[in-house]
Amino acid sequence: MNLGIVLTLISVLCTAGPLAGAVIVYQNNPVGLVVPPEVNDLVGNGFGNMSNFGMPQLVSAVYDASQHTETLVLNFTNPVNMTFALKSAYAEVRCHEDQVFLANATLTSPVSIGPCETVNVTVVCAWTPQTESYFQTAHAGASTLNVDLTQLTINVNDVTVTLSQPLEISNIPIQV
Amino acid sequence: MQRAINWFGLAAGITTILLIAVSLFVPWWIVQVGNGLFQINTSPLNTNFSLGGSQPFAIPIIWALNLASILTLAAGGILMLAYSLVPAKPYGRKLLDFSYKKPLYAVVFFVVSLLTLIIVVRSAFGIDIPIIGAQTVQLPQSMTFGTTITALVTANFAWPFWLAIAAAGLCVGARLFHERAIAGKQSSLYFPSAPPLPPSPN
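Below is a summary of the structure that appears in this document. (Residues numbered from 1 in each chain as written. Chains lettered and ligands numbered in written order. Predicted model: local features only at pLDDT ≥ 70, side-chain atom pairs only at ≥ 80, totals over all residues. Heavy atoms only, no water.)

1. Focus on the overall build of chain A
For chain A, the helix and strand inventory stands at three helices and nine strands. For chain A, the α and β elements follow one another from N to C terminus as α-α-β-β-β-β-β-β-α-β-β-β. Here the C-alpha radius of gyration of chain A, 27 Å, is well above what a compact globule of 176 residues would show, namely 16 Å. Projecting the C-alpha coordinates of chain A onto the three principal axes gives extents of approximately 100 × 30 × 25 Å. Summed over all atoms, the accessible surface of chain A reaches about 9,400 Å², with 58% contributed by carbon and sulfur. (Helix = DSSP H or I, 4+ residues; strand = E, 2+ residues; numbered from the N terminus. Rg over C-alpha atoms; globule rule 2.2 N^0.38 Å. Areas by Shrake-Rupley, 256 points an atom, 1.4 Å probe, with all protein chains shown as cover.)

Right, dumping it as structure tokens:
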């Protein structure tokens with residue numbers, strides 16, 4: 001047989017063979033050719049629906065009068081089957097009622113959140129003298145306050161996410 | 001009579017086979033989003049994706065294209081080796097013409113595919129993926145429901161990519177020096193042996 005024909009046949013078989021094989025294997029599931037089961041699992045487990053990433057819930061809030069700090073413990077559930085490393089978090093704390101700036105809130109230490117795991121995340125707000133005088137004038141006699149965390153920015157695995165909507169937290173103790 | 005060998009072809013064949021072996025394990029181009037949040041390892045011979053450090057997974061149609069590349073390059077490498085040992089045979093030129101283009105096509109196809117992918121992603125989604133180096137990328141807010149998401153994207157070529165370029169260069173070299181090889185001159189021209197000693201004066 002002519003060598004040229006043999007070489008052409010090799011070319012055609014090497015190129016078309018695997019593609020034809022894949023098409024035959026996936027003939028009953030053509031979508032599977034471009035969307036592997038791993039991607040389907042991810043979509044089914046949370047990435048397909050952003051609402052599965054629920055907002056953090058307040059677990060506790062403790063006011064330290066000597067340090068003038070408020071320590072908030074929030075719990076967060078990771079809905080997907082992968083580990084996140086929460087490296088940093090930052091937010092502006094504002095009074096929910098009149099949006100007066102009260103303090104910056106920062107994450108105390110990085111947190112690793114395993115697949116489908118719920119963890120407590122601790123953030124600290126340092127009240128300034130202006131903040132405390134605001135409590136005494138605008139919220140005199142109140143022992144708690146509703147606040148908004150605005151510009152909430154988190155760094156997860158070096159991906160930075162800034163929420164467009166404020167996160168409201170109710171009944172923060174403000175004994176001054 | 002000295003046997004004609006195309007040394008460039010021999011080196012090209014060996015390099016091509018070596019390239020296939022290493023490319024199964026080491027990608028040519030690696031792009032990472034965030035710190036291991038999402039990673040693409042790609043080459044014409046093996047492409048896989050990894051999310052959050054999970055087990056890498058492949059897309060079946062890309063896997064089939066990769067397998068086609070493996071078979072094509074393997075055929076090219078083997079036939080280049082066969083040719084390099086018998087360049088003066090009547091079928092030598094056909095073996096050479098079949099095999100020398102394969103690594104070159106693989107490199108060109110790979111680079112063109114990367115550039116096309118980057119241009120398409122930039123045009124369609126406004127996301128600027130670097131081809132080499134690190135860049136902070138912000139996802140369009142239309143994709144993120146108003147939330148601002150920025151990620152550090154790093155991309156780099158790994159050493160098998162440069163090996164592929166070397167293999168393609170050696171293949172082109174084999175083609176260029178085919179005529180010298182069949183004339184049996186290549187050995188003395190490019191791999192010189194020691195010059196003959198001058199006659200002794202006595």
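So, next bit.
2. Focus: the overall build of chain B
From N to C terminus, chain B includes seven helices and five strands. For chain B, the N- to C-terminal ordering of α and β elements is α-β-β-β-α-α-α-β-β-α-α-α. Within chain B, buried positions represent 45% of all 202 residues. Surface exposure of chain B reaches about 10,400 Å², of which carbon and sulfur atoms provide 70%. (Buried < 20%, exposed > 50% of the residue type's maximum accessible area, 1.4 Å probe, protein only.)

3. Some words on the interface of chain A and chain B
On the side of chain B, 31 residues touch chain A, which itself brings 32 residues to the contact. Carbon and sulfur atoms supply 74% of the area that chain A and chain B bury against each other, a total of about 2,600 Å² over both sides. Across the chain A-chain B interface, the total number found is zero salt bridges. Here chain A is connected to chain B by five residue pairs in polar contact (both at pLDDT 80 or more). If you list the elements that add at least two residues to the side of chain A that touches chain B, you get helix H1 (3–25), helix H2 (37–47), strand E3 (84–95) and strand E8 (159–162) of chain A. By residue class, the composition of the side of chain A that touches chain B is 19 nonpolar, 10 polar and three charged. Inspection of the sheet shows E8 of chain A paired to strand E5 (residues 148–157) of chain B by four bridges, in the antiparallel sense. Following the sheet pairing, Val-159 of chain A is matched in E5 of chain B by Ala-151 of chain B. (Contact = heavy atoms within 4.5 Å. Buried area = accessible area lost by both parts, 1.4 Å probe. Salt bridge = Lys/Arg side-chain N within 4 Å of Asp/Glu carboxyl O. Polar contact = N/O pair within 3.5 Å; in protein donor to acceptor, adjacent residues only side chain to side chain. Nonpolar A, V, L, I, M, F, W, Y, C, P; charged D, E, K, R; others polar. Pairing = 2+ DSSP bridges.)

4. Examining helix H1 (residues 7–23) of chain B
Residue and element names in this part refer to chain B. Taking 1.5 Å per residue as the helical rise, H1 with its 17 residues ought to reach 24 Å, and the 24 Å between its terminal C-alpha atoms agrees with that figure. Elements in contact with the buried residues of H1: helix H2 (60–85), helix H4 (101–125) and helix H5 (159–176). Here H1 starts with a cap whose side-chain oxygen sits 3.1 Å from the backbone nitrogen of Phe-8, and that cap is Asn-6. (Expected span 1.5 Å × (residues − 1).)

5. Some words on a nonpolar patch on the surface
Residues Leu-104, Tyr-105, Val-108 and Val-112 of chain B make up a contiguous nonpolar surface patch of roughly 350 Å² in combined accessible area. Along the chain, the position of Leu-104 of chain B falls in helix H4. (Patch = residues over 30% accessible without salt bridge, like charges linked within 9 Å, V, L, I, M, F, W, Y side chains within 5 Å.)

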